[in-house]
Amino acid sequence: EPEVTQTPSHQVTQMGQEVILRCVPISNHLYFYWYRQILGQKVEFLVSFYNNEISEKSEIFDDQFSVERPDGSNFTLKIRSTKLEDSAMYFCASLQGRGEQFFGPGTRLTVL
Amino acid sequence: GENVEQHPSTLSVQEGDSAVIKCTYSDSASNYFPWYKQELGKRPQLIIDIRSNVGEKKDQRIAVTLNKTAKHFSLHITETQPEDSAVYFCAATEEADKLIFGTGTRLQVFP
């Protein structure tokens with residue numbers, strides 16, 4: 001069964017550094033999302049992406065964040081200058097058209 | 001925007017008992033209501049979902065009910081087993097839109 005994949009599984013970085021989180025959505029899916037989950041809290045929406053552009057972003061998704069789908073398969077989230085409060089699990093999800101959003105296994109980001 | 005509230009935050013039951021988790025939503029435009037199970041350190045995994053044109057849906061030991069008028073929906077797990085222990089999240093959305101999650105319910109099933 002096709003799955004969403006994410007790399008790396010764990011990223012440790014210093015405050016102020018740039019990080020790129022990578023996702024490979026399921027191949028025939030059209031909608032792509034990034035969510036984050038701070039330890040022990042709920043899953044929060046960051047950004048949605050459709051037809052090669054951002055369709056919606058949350059207030060969390062400020063100028064430090066960007067997304068790209070550079071080659072038709074990968075979907076990346078970049079954080080330009082990480083802050084301590086960016087430490088969280090980041091999940092990528094994809095959706096074919098309606099119904100279930102399939103989540104990747106997540107990248108645990110630790111900012112020191 | 002949409003706001004989803006979920007209760008209780010923790011739930012402990014004896015194996016074989018039933019568990020009920022309740023959610024309310026605020027946006028009447030929401031028409032798709034999934035429930036996700038998340039084990040520690042793992043991804044959320046869909047266990048059941050319901051659309052707004054349906055009042056109830058059942059899949060073996062799991063059922064979901066939806067009251068559109070009152071804007072609430074509930075997850076029912078019968079004959080609970082220790083492997084049902086996890087955090088359960090409800091969510092609400094318009095189809096293909098962002099998921100707005102509830103705050104989660106930690107379910108513990110004691111043998």
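Residues numbered from 1 in each chain as written. Chains lettered and ligands numbered in written order. Predicted model: local features only at pLDDT ≥ 70, side-chain atom pairs only at ≥ 80, totals over all residues. Heavy atoms only, no water.

## A closer look at the overall build of chain A
Rules: Runs of E in the DSSP output that reach at least two residues are strands. Runs of H or I that reach at least four are helices, and both are numbered from the N terminus. For the radius of gyration, the atom set is restricted to C-alpha positions; the globular benchmark scales as 2.2 Å times the number of residues to the power 0.38. Whether two residues are in contact is decided by their heavy atoms: any pair within 4.5 Å suffices. Method for areas: the Shrake-Rupley scheme with a 1.4 Å probe, in which residue coverage is limited to the protein chains shown. Charge counting follows a simple rule: Lys and Arg are positive, Asp and Glu are negative, and His as well as the terminal groups are ignored. For charged residues, the charge sits on one atom: NZ in Lys, CZ in Arg, CG in Asp, CD in Glu.
Check the secondary structure of chain A and you find 0 helices and 11 strands. Reading the secondary structure of chain A in the N-to-C direction produces β-β-β-β-β-β-β-β-β-β-β. Relative to the globule expectation of 13 Å for 112 residues, the C-alpha radius of gyration of chain A, 13 Å, shows essentially globular dimensions. Projected onto the principal axes, the alpha-carbon positions of chain A cover approximately 35 × 25 × 25 Å. Contacts in chain A between residues at least 24 apart in sequence constitute 53% of all its contacts with a sequence separation of at least 6. Split by element, the accessible area of chain A, about 5700 Å² in all, is 46% carbon and sulfur. Here chain A carries 10 positive and 14 negative side-chain charges, and the mean point of each set is 1 Å from the other.

## Thoughts on the pattern of salt bridges
It is possible for side chains of opposite charge to pair when their charged atoms get near one another. Put simply, the test is: Here, a salt bridge means any side-chain nitrogen of Lys or Arg that lies within 4 Å of a carboxyl oxygen of Asp or Glu. Only protein chains enter the accessibility calculation, which uses a 1.4 Å probe; a residue whose area is less than 20% of its type maximum is buried, one above 50% is exposed, and one in between is partly exposed.
Counting across every chain of the model gives 8 salt bridges over all chains. The closest approach of N and O atoms between Lys98 of chain B and Glu56 of chain A, which form a salt bridge, is 2.6 Å. With Lys98 of chain B in the loop between strand 9 (86–92) and strand 10 (100–101) and Glu56 of chain A in strand 6 (residues 53–57), the pair connects residues from two separate chains. Asp49 of chain B is the partner of Lys57 of chain B in a salt bridge, and the nearest nitrogen-oxygen pair spans 2.8 Å. The class for Lys57 of chain B is partly exposed, based on a relative accessible area of 36%. Residues joined in a network through salt bridges with shared partners are Arg98 of chain A together with Arg51 and Glu95 of chain B.

## Side note on the nonpolar core
All names here are of chain B. In plain terms, the rule: Only buried Ala, Val, Leu, Ile, Met, Phe, Trp, Tyr and Cys residues count toward a nonpolar core, and they belong to the same one when joined by side-chain atoms within 4.5 Å.
With 25 residues, the main nonpolar core has Trp35, Phe73, Leu75, Tyr88 and Leu107 as its most contacted residues. Sorting the residues of this core by element identifies strand 2 (10–14), strand 3 (19–25), strand 4 (32–38), strand 5 (45–51), strand 7 (62–67), strand 8 (72–77), strand 9 and strand 11 (105–110) as the ones contributing at least two each. If we skip the residues at most four places from it in the chain, Leu107 touches Leu11, Val13, Ala19, Ile77, Asp84, Ser85, Ala86 and Tyr88.

## Points about the environment of Pro111 of chain B
Residue and element names in this part refer to chain B. Assignment of secondary structure puts Pro111 in the segment after strand 11. Judged by relative accessible area, which is 74%, Pro111 ranks as exposed. Expressed as a C-alpha distance, the spacing of Pro111 and Val54, which sit 57 residues apart in the sequence, is 34 Å. With residues near it in sequence (within four places) discarded, Pro111 still touches Gln14, Glu15 and Pro82.

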